[in-house]
Every structure is written in structure tokens, then in C-alpha cells.
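# Inside the fold
Now for the letters of each chain:
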Amino acid sequence: MRGSREQAVAGVTSGQLSLGDRVTWRACHFGLTWHLTSTISACTPPSYFVDEQVSGPFRRWIHTHTFASTPDNETGTEATLMKDIVDFAAPAGPLGTIAEILILRRYMTGLILQRNAYIKQLTEAAVR
């Protein structure tokens with residue numbers, strides 16, 4: 001997330017997260033610096049975890065991560081399928097809803113896709 005300078009700045013800032021852990025992220029979006037603190041509210045290693053905002057810019061932020069073993073048809077080996085479900089709502093009432101519809105949904109989808117492409121690149125390089 002180099003473009004947004006996203007960085008864990010408080011709580012658990014490295015290593016594996018566990019149920020109940022908190023982490024505060026700092027990132028720059030739309031020219032502003034934002035802080036979002038989330039807690040791991042559900043966790044079933046190695047297949048599932050959920051992080052939920054406890055403080056930050058969103059009215060609601062719930063990010064579900066799932067991981068499943070699946071065959072890789074190109075290589076004939078096992079692969080991991082990672083899925084993200086992000087349930088969020090912008091603050092600021094009706095104006096926030098308009099911003100969410102016009103800007104934030106597309107923007108957040110792009111961020112998640114960018115992050116996932118980077119994770120894919122890192123994990124595939126580690127396997128080689």
C-alpha cells in the first residue's frame with residue numbers, strides 16, 4: 001500500500017494477529033492522513049478472521065477475510081483462495097451515503113484489489 005503510505009502504528013504492528021488483538025493503521029487518502037483502529041473480532045485459523053473498526057473514519061467497517069485450499073489448474077498443485085468481504089458505511093449521514101455511492105465503493109474496491117495483488121505477488125515469490 002505504498003501509494004497510501006499505510007502503516008501499522010499502534011497495537012500489534014507485526015506478526016500474526018489473534019482474537020481480540022487491536023491494531024491502529026495510519027494511511028493517506030484523498031490528501032488527508034487517517035487513523036483506523038480495528039480489533040480482531042472473530043478468528044478461526046487458518047481459514048477465517050474478521051477485523052472491525054473500533055475507532056476511525058467510518059460509521060461502520062467490518063472486513064471478513066477467508067482462506068480456502070483449492071487446486072491450481074495451471075500448475076496442478078494446491079493453492080489458497082483468499083476472499084475479502086468489506087462491509088462499510090461512510091460517516092456524515094446523507095452526504096456520506098452520497099460520497100459512498102459516488103466515490104468510496106469504487107475507491108475501496110481498488111484498494112482491496114491492489115492489496116490482494118501485492119499479497120499474491122509476495123506469497124508466490126516465497127513459494128518459488
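Predicted, not measured: the structure shown is a model, and the values here were computed from it.

In this section: the overall build of the protein chain. Helix and strand counts for the protein chain stand at one helix and six strands. In sequence order, the protein chain lays out its α and β elements as β-β-β-β-β-β-α. On the principal axes, the C-alpha backbone points of the protein chain span a range of 50 × 30 × 25 Å. Residues classed as buried in the protein chain amount to 25% of the 128 residues present. In the protein chain, once contacts between residues fewer than 6 apart in sequence are set aside, the share between residues at least 24 apart is 22%. Summed over all atoms, the accessible surface of the protein chain reaches about 8700 Å², with 58% contributed by carbon and sulfur. With 12 positive and 11 negative side-chain charges, the protein chain shows a spacing of 9 Å between the two charge centroids.

Before going further, it helps to spend a moment on the environment of F30. You can see F30 is positioned in the loop between strand 2 (22–29) and strand 3 (32–44). Sequence spacing of F30 and S4 is 26 residues, and the spatial spacing of their C-alpha atoms is 9.1 Å. Discounting chain neighbours no more than four positions away, the residues touching F30 are I103, L104 and Y107.

Both strand 3 and strand 4 (residues 48–55) contribute to a ladder of seven bridges, which runs antiparallel. Each bridged residue has a counterpart across the sheet, and for A42 the counterpart in strand 4 is V50. Linking strand 3 to strand 4, which pair antiparallel, is a turn of three residues. Relative to strand 5 (residues 60–72), strand 4 runs antiparallel, the two sharing five bridges. In the sheet register, Y48 faces strand 5, and the bridge partner there is T66. Connecting strand 4 to the antiparallel partner strand 5 that follows it, the hairpin turn spans four residues, and G56 within it adopts a positive phi of roughly 155°.

Moving on to the sheet that holds strand 2. Taking strand neighbours across the sheet as the criterion, the six strands line up as 1-2-3-4-5-6 in an open arrangement whose pairing is antiparallel. Bordering the open sheet on either side are strand 1 (7–11) and strand 6 (77–89), each of which pairs with just one other strand. Taking the axes of each pair of neighbouring strands and ignoring which way they run, one obtains an average angle of 30° across the sheet. Pairing of strand 2 with strand 3, which is carried by eight bridges, proceeds in the antiparallel orientation.

Conventions we followed
Residues numbered from 1 in each chain as written. Predicted model: local features only at pLDDT ≥ 70, side-chain atom pairs only at ≥ 80, totals over all residues. Heavy atoms only, no water. Helix = DSSP H or I, 4+ residues; strand = E, 2+ residues; numbered from the N terminus. Buried < 20%, exposed > 50% of the residue type's maximum accessible area, 1.4 Å probe, protein only. Contact = heavy atoms within 4.5 Å. Areas by Shrake-Rupley, 256 points an atom, 1.4 Å probe, with all protein chains shown as cover. Lys, Arg positive; Asp, Glu negative; His and termini not counted. Charge placed at Lys NZ, Arg CZ, Asp CG, Glu CD. Pairing = 2+ DSSP bridges. Axes fitted to C-alpha atoms, helices over the stretch in contact; angles between N-to-C directions.

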